[in-house]
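Here are the chains, one letter per residue:
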Amino acid sequence: MLVVLGLWWTLTSGCGLIDPNRFPDPAETWAALQQILTPGYAGGTLVQQAWASTRLVLLGFAVAVTTGVPLGALMGLSRRAESLLNPAFLLLRPIPPLAWIPLAVVWLGLGDGAKILVIWIAAFVPCVINTWTGVRGADLTLVAAARVHGADPVRVLLEVILPGALPMIFTGLRLSLQACWTTLVAAELVGTLYGLGRVLDSAYRDVNPAMILVAMVTVGLLGAATTRLIAALERGLTPWQV
Amino acid sequence: MKDIRFDGVGKTFTTRGGAACVVLHDIDLTVQAREFVAVVGPSGSGKTTLLRMAAGLDQPSAGEVRVGGRRVTGPGPDRAVVFQHFALFPWKTVRQNIAFGLRCQGASRARQTVAVDRYLALMGLDDAADRYPSQLSGGMQQRVALARSYAIEPDVLLMDEPFGALDAQTRTVMQEELIRLSRQEPRTVLFITHAVEEAVYLADRVVVLAHDPGRLREIVDIGPTRAAEAWNTRPIHEVMELPSFTHLRTRLWRLLRDQIRPGN
């Protein structure tokens, strides 16, 4: 940490190797951080802006999980659902999530709805694909063992297939959450009053590289923190995994 | 206690290319109530298919399987299966694994606890009750699987090479345990194995299958010798050194070797 800080200072203000208009030095960045923390920047303080973004990410993620995991499970369980839905997936997957922005705005206007829709589109696919793979890869011997000990199909699903798919589902959740954060800024470009995307956009217009850096690092830290939360949840829910 | 009857049972699989592959042909076999029957045969003789049909996991293409006089159409609480690779639920503790079948039957909490505690004690698993299967040795895991099957008190136990994945030492211990268990809690047992010694040591009768297609080759009666020499109450190494044991083992080896040798 200190080494990085030292290197950063040396390269920027120390020997002037990097033009301060291209990359901010530590002092400028510290000032930008102070500015956004207390008076605020682009219409809000850092906490307000970060919360506005986190709220969108969590909403989009929640919608993606509650739709993607059941759909993936259905595709994993039923050949029919799989052959029906797979072609649609093949067609929709190559379309970048950002390409949906115009349509999202036409459909839902400039409110949160459009942003959540774009985040959902990006986050939905990893949920579906990984749940699908996990459920399809269910250990058939375990399914047979459950059946011969008297389990009905619902119990087989809840106590054998889903727990077995849980590690894959969590892989999907992690990828999905990352997709939420990476599309966030783009989604906020749809037009927003608050949010880290708004901060980035304003800082870009103000040619304020220090503020851009502050916003980017904040996105990175929030993304890492939420990923940690998912990992903790996984450890709690899969205690049998070493 | 129920018996198992195979009446003219055949099984044909269709391969991807559409060709028919006969796995079992015209099997007539009755396992009497409380009888322990072992099935040996070369690989590809349909041993496991025979067991899966009795379990209701596969359906015969010809003939029918009856357990206690009732035609088998699917899995049922009167039959439990012990699998070669244990097939324990990795996300359930030992206690939860053993209780699984009872929970499926809707048994009360109290009844589950009583049964689980009993089998934990019987199988020497007391200290492992709250561990996960991955924290246990292979032998311990198979004890849990046996306990899980015994706990639902089935009439019929179907065992598919249950000790095949264990090392030689553990295997001998488990064979002795199974003899002890079947003395305490007799069940009708169909036991699949490829180990001739194991079959002779455990079974009342040993069924030898021929392959290509799988069919009944011979049935060797062990029961009278076992009873006359009181095998069940003697340690395994002592039994395996008896002349009668080696004689039966050699006889079965010959029968099996004839199967494997080409041209027969």
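Here the residue numbers are simple positions, counted from 1 along each chain's written sequence. Ligands are numbered from 1 and chains lettered from A, in the order in which they are written. Only residues with pLDDT of at least 70 are given local features in this predicted model, and only at 80 or more are side-chain atom pairs given and counted; all residues enter the totals for whole chains, interfaces and linings. Values shown for side chains rest on all heavy atoms present in the structure; no hydrogens or waters enter the calculation.

1. Structural notes on the sheet that holds strand β2 (residues 20–31) of chain B
Residue and element names in this part refer to chain B. In spatial order, the strands read β2-β1-β4-β5; together these four strands make up an open sheet with antiparallel pairing. Across the chains shown, the open sheet's two edge strands, defined by having one partner strand only, are β2 and β5 (70–71). For strand β4 (residues 62–67) and β5, the ladder comprises two bridges, and the chain directions are antiparallel. Counted as the bridge partner of Arg66 is Arg71 from β5. Sheet strands in contact with helix α1 (residues 47–55) are β1 (4–14), β2 and β4, and its direction is about 115° off that of β1. Any two strands with at least two DSSP-identified bridges between them are counted as paired. For the purposes of this entry, the term helix denotes a DSSP run of H or I that reaches at least four residues, the term strand denotes a run of E that reaches at least two, and both are numbered from the N terminus. Residue contacts are counted whenever heavy atoms from the two residues lie within 4.5 Å of one another. What counts as an axis is a line fitted to C-alpha atoms, over the stretch in contact for a helix, and the angles between N-to-C directions run from 0 to 180 degrees.

2. Considering helix α2 (residues 94–104) of chain B
Residues that lie three or four places apart on an α-helix share one face, since the helix turns once every 3.6 residues. Three labels apply to residues, based on accessible area from a 1.4 Å probe with only protein chains included: buried if under 20% of the type maximum, exposed if over 50%, partly exposed otherwise in between. Of all 11 residues making up α2 of chain B, eight are buried, and the element is well covered by its neighbours. Buried positions along α2 of chain B lie against α7 (140–148) and α8 (153–188) of chain A together with α3 (109–122) and α4 (138–151) of chain B. Positive backbone phi, approximately 75°, marks Gly106 of chain B, located one or two places after α2 of chain B.

3. A few points about the sheet that holds strand β3 (residues 36–40) of chain B
All names here are of chain B. Read across the sheet, six strands follow the order β6-β7-β8-β3-β9-β10 without closing on themselves; strand pairing throughout is mixed. The open sheet has two edge strands with one neighbour each: β6 (79–82) and β10 (215–221). The mean angle between the axes of side-by-side strands here comes to 20°, regardless of whether they run parallel or antiparallel. Helix-sheet contacts for α4 involve β6 and β7 (156–160), and the interaxial angle to β6 is about 175°.

4. Remarks on the pairing of strand β8 (residues 188–192) of chain B
Regular strands place their side chains on alternate faces of the sheet. Residue and element names in this part refer to chain B. In terms of residue burial, β8 counts as a mostly covered element, since five of its five residues are buried. Across the two faces of β8 the burial is the same, with Thr188, Leu190 and Ile192 and Val189 and Phe191 all buried. Relative to β8, β3 runs parallel, the two being bridged by four bridges. Within β8, the residue paired with Val37 across the bridge is Leu190. In this structure, β7 lies alongside β8, joined through five bridges in parallel fashion. If you follow Leu158 over to β8, its bridge partner there is Leu190. Of the crossover connections in this fold, the one passing from β7 over helix α5 (residues 168–184) to the parallel β8 is right-handed. Look down the strands so they point away from you; if the path from the first strand over the helix to the second goes clockwise, the crossover is right-handed.

5. Overview of the pattern of salt bridges
Any two side chains of opposite charge can pair, on the condition that their charged atoms come close. In the sections that follow, a salt bridge refers to a side-chain nitrogen of Lys or Arg positioned within 4 Å of a carboxyl oxygen of Asp or Glu. For the coordinates displayed, the defined rule picks out 27 salt bridges over all chains. Close ionic contact of Glu159 of chain A with Arg155 of chain A constitutes a salt bridge, the shortest N to O distance being 3.0 Å. Of this pair, Glu159 of chain A and Arg155 of chain A both sit in helix α8, separated by four residues, roughly a single helical turn. In this pair, the class of Glu159 of chain A matches that of Arg155 of chain A, namely buried. Two residues, Arg79 of chain B and Asp78 of chain B, come together in a salt bridge whose shortest N-O distance is 3.0 Å. Overlapping salt bridges bring together Arg155 and Glu159 of chain A together with Lys92 and Arg103 of chain B as one network.

6. Things to note about the interface of chain B and chain A
In this complex, chain B contributes 24 residues to the contact, which on the side of chain A involves 18 residues. Across the chain B/chain A interface, buried area totals approximately 1800 Å², and carbon plus sulfur atoms make up 69% of it. The quantity reported as buried area is the accessible area (1.4 Å probe) lost by two parts once they are put together, taken as the sum for both. Counting the surface chain B buries against chain A, the share from its top three residues, Trp91, Phe100 and Cys104 of chain B, is 32%. For the pair chain B and chain A, the number of links is two salt bridges. Arg103 of chain B serves as the salt-bridge partner of Glu159 of chain A, at 2.7 Å between the closest nitrogen and oxygen. Definition of a polar contact: a pair of N or O atoms within 3.5 Å, with one able to donate and the other able to accept a hydrogen when the atoms are protein atoms, and with sequence-neighbouring residues admitted only if both atoms are side-chain atoms. At the junction of chain B with chain A, the criterion picks out five residue pairs in polar contact (both at pLDDT 80 or more). Counting residues per element, the ones that place at least two in the side of chain B that touches chain A are β6, α2 and α4 of chain B. Each residue gets one of three labels, nonpolar for Ala, Val, Leu, Ile, Met, Phe, Trp, Tyr, Cys and Pro, charged for Asp, Glu, Lys and Arg, and polar for the others, Gly among them. Along the lines of polarity and charge, the residues of the side of chain B that touches chain A split into 15 nonpolar, five polar and four charged.

7. Describing the packing of α2 of chain B against α3 of chain B
All names here are of chain B. The geometry of α2 relative to α3 is characterised by a closest axis approach of 9 Å and an angle of 130° between their N-to-C directions. The orientation of α2 with respect to α3, classified from their angle, is oblique. α3 is crossed by α2, and the crossing has right-handed handedness. When α2 is examined against α3, the residues Val94, Arg95, Ile98, Ala99, Leu102 and Arg103 are found in contact with a partner set consisting of Arg111, Gln112, Ala115, Val116, Asp117, Tyr119 and Leu120. The class makeup of the residues in the contact of α2 with α3 is eight nonpolar, one polar and four charged. Any angle that falls under 35 degrees is termed roughly parallel, while one over 145 is termed roughly antiparallel, one within 65 to 115 roughly perpendicular, and all others oblique. For a crossing to be left-handed, the near helix must be turned anticlockwise from the far one by less than a right angle; the clockwise case is right-handed.

8. Describing a nonpolar patch on the surface
The patches reported here contain residues having more than 30% relative accessible area and no salt bridge. Joining distances are 9 Å for like charges and 5 Å for nonpolar side chains (Val, Leu, Ile, Met, Phe, Trp, Tyr). Here the accessible surface of atoms and residues is derived via Shrake-Rupley with a 1.4 Å probe, and residues count as covered only by protein chains that are part of the display. Side chains of Leu103, Val106, Trp107 and Leu108 of chain A sit close together on the surface and give an oily, nonpolar patch of about 430 Å² of accessible area. Assignment of secondary structure puts Trp107 of chain A in helix α5 (residues 101–108).

9. Concerning the domain arrangement of chain B
All names here are of chain B. On domain assignment, one finds that chain B holds domain 1 (4–78 + 156–260) and domain 2 (89–153). For the purposes of this description, domain bounds are those given by an automatic or database domain assignment. The centre of domain 1, based on its C-alpha atoms, is set 25 Å off from the matching centre of domain 2. At the interface, 17 residues of domain 1 touch 14 residues of domain 2. Interface area lost by domain 1 to domain 2 is led by Met174, Leu181 and Glu185, which between them contribute 36%. The tally of links between domain 1 and domain 2 comes to two salt bridges. Across the pair Arg143 and Glu177 runs a salt bridge whose closest N-O atoms are separated by 3.0 Å. Between domain 1 and domain 2 we count five residue pairs in polar contact (both at pLDDT 80 or more) in total. Elements that contribute at least two residues to the side of domain 1 that touches domain 2 include exactly β7 and α5.

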